[in-house]
Amino acid sequence: MAGAVNGVFPGTAPTRNASAVNIPLPEEYWNYEVNFIASIRAIEVNSNSIARAAINEPTGTIVATQNVRIPTVDVSLGSLTISIRLNLGVSQAGPLTNYS
């Protein structure tokens, strides 16, 4: 992350440790803090983390990293079934409906 920030704002983001990056406000952004934060948020950071998911069956809790992608799948428990499908079709109200 520090490398990505320093690529846009050179020398701005020194790393504190393996999990923290301090990003002090550069002088040219004094009185423009919101603009600086928006600029930082727009920086794309590529992660090399592995996709992982953990499922706690007794509680039904699922925790997943951002790289987890779910393809077409059906999940069933008792009489409950959840289906996840990719649908590239567009659903739109017809021209003679009351929806705008």
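Conventions and cut-offs
Residues numbered from 1 in each chain as written. Predicted model: local features only at pLDDT ≥ 70, side-chain atom pairs only at ≥ 80, totals over all residues. Heavy atoms only, no water. Patch = residues over 30% accessible without salt bridge, like charges linked within 9 Å, V, L, I, M, F, W, Y side chains within 5 Å. Areas by Shrake-Rupley, 256 points an atom, 1.4 Å probe, with all protein chains shown as cover. Salt bridge = Lys/Arg side-chain N within 4 Å of Asp/Glu carboxyl O. Helix = DSSP H or I, 4+ residues; strand = E, 2+ residues; numbered from the N terminus. Buried < 20%, exposed > 50% of the residue type's maximum accessible area, 1.4 Å probe, protein only. pLDDT = per-residue confidence, 0-100. Phe/Tyr/Trp six-rings, centres within 6.5 Å; stacked < 30°, edge-to-face > 60°.

Here the focus is a nonpolar patch on the surface. A surface patch of nonpolar side chains, about 450 Å² in accessible area, is lined by I70, V75, L80, I82 and I84. At three residues, the largest contribution of residues to the nonpolar patch is made by strand β6 (residues 80-84). Within the secondary structure, I84 sits in strand β6. Judged by relative accessible area, I84 falls into the partly exposed class, the value being 33%.

Another point: the confidence of the model for the protein chain. For the protein chain, the average pLDDT comes to 81, and 93% of its residues sit at 70 or higher. Mean pLDDT in the protein chain bottoms out at strand β1 (residues 15-17), which sits at 78, and peaks at helix α2 (residues 33-41), which reaches 90.

The subject of this paragraph is the packing of aromatic side chains. All told, the structure shown has three aromatic pairs when counted by the stated rule. Three or more aromatic residues joined by ring pairs make a cluster, and in this case those are F9, Y29 and F36.

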